Amino acid sequence: RNLPFFDAHNHVHLGSAIANIPSSVDTSTFSNLKGMAVMSTHPRDFSGVSREINLLNKKYPDATFVPCYGAHPWFLDESTIISTSAT
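Residues numbered from 1 in each chain as written. Predicted model: local features only at pLDDT ≥ 70, side-chain atom pairs only at ≥ 80, totals over all residues. Heavy atoms only, no water.

**Considering the packing of aromatic side chains**
The final tally for this structure, using the stated rule, is 2 aromatic pairs. Considering the side-chain rings of F46 and Y69, the 5.3 Å spacing of their centres and the 65° angle between planes classify their relative orientation as edge-to-face. With F46 in helix α2 (residues 46-59) and Y69 in the segment after β3 (64-68), this residue pair connects regions lying 23 residues apart in the sequence. Residue classification places F46 among the partly exposed residues on the basis of a relative accessible area of 29%. The class for Y69 is partly exposed, based on a relative accessible area of 42%. Plain terms: the ring middles of Y60 and F65 are 6.4 Å apart, the flat faces sit at 50° to each other, and that makes the pair tilted. (Phe/Tyr/Trp six-rings, centres within 6.5 Å; stacked < 30°, edge-to-face > 60°. Helix = DSSP H or I, 4+ residues; strand = E, 2+ residues; numbered from the N terminus. Buried < 20%, exposed > 50% of the residue type's maximum accessible area, 1.4 Å probe, protein only.)

**Considerations on the nonpolar core**
By size, the foremost hydrophobic cluster in this structure holds 10 residues: V12, L33, M36, V38, V49, I53, L56, Y60, A63 and F65. Among the elements of the structure, β2 (33-39) and α2 are those that each provide at least two residues to this core. In contact with M36, not counting residues within four places along its chain, are F6, D7, N10, V12, L56, T64, F65 and V66. (Core = buried A, V, L, I, M, F, W, Y, C linked by side-chain atoms within 4.5 Å. Contact = heavy atoms within 4.5 Å.)

Any functional reading would require information that these geometric values do not contain.
And the structure:
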């Protein structure tokens, strides 16, 4: 039995392979993919995440695609940290 799955963490918006991701979702290997969470790695790729989410939502309207914005730990030294405190 093939169970549906949700890819909970990926960076499909990065790299040259991204052009192949949407077409690969149509293959039998990914026929049970019901959605994915697309993670940014740095503020500089927030727009890439948004763009990829928009493309996937248009091509696969019955699936769920979640944009996740933040900085990957590898790039924290390059990001501005805004500290908030509860009063």
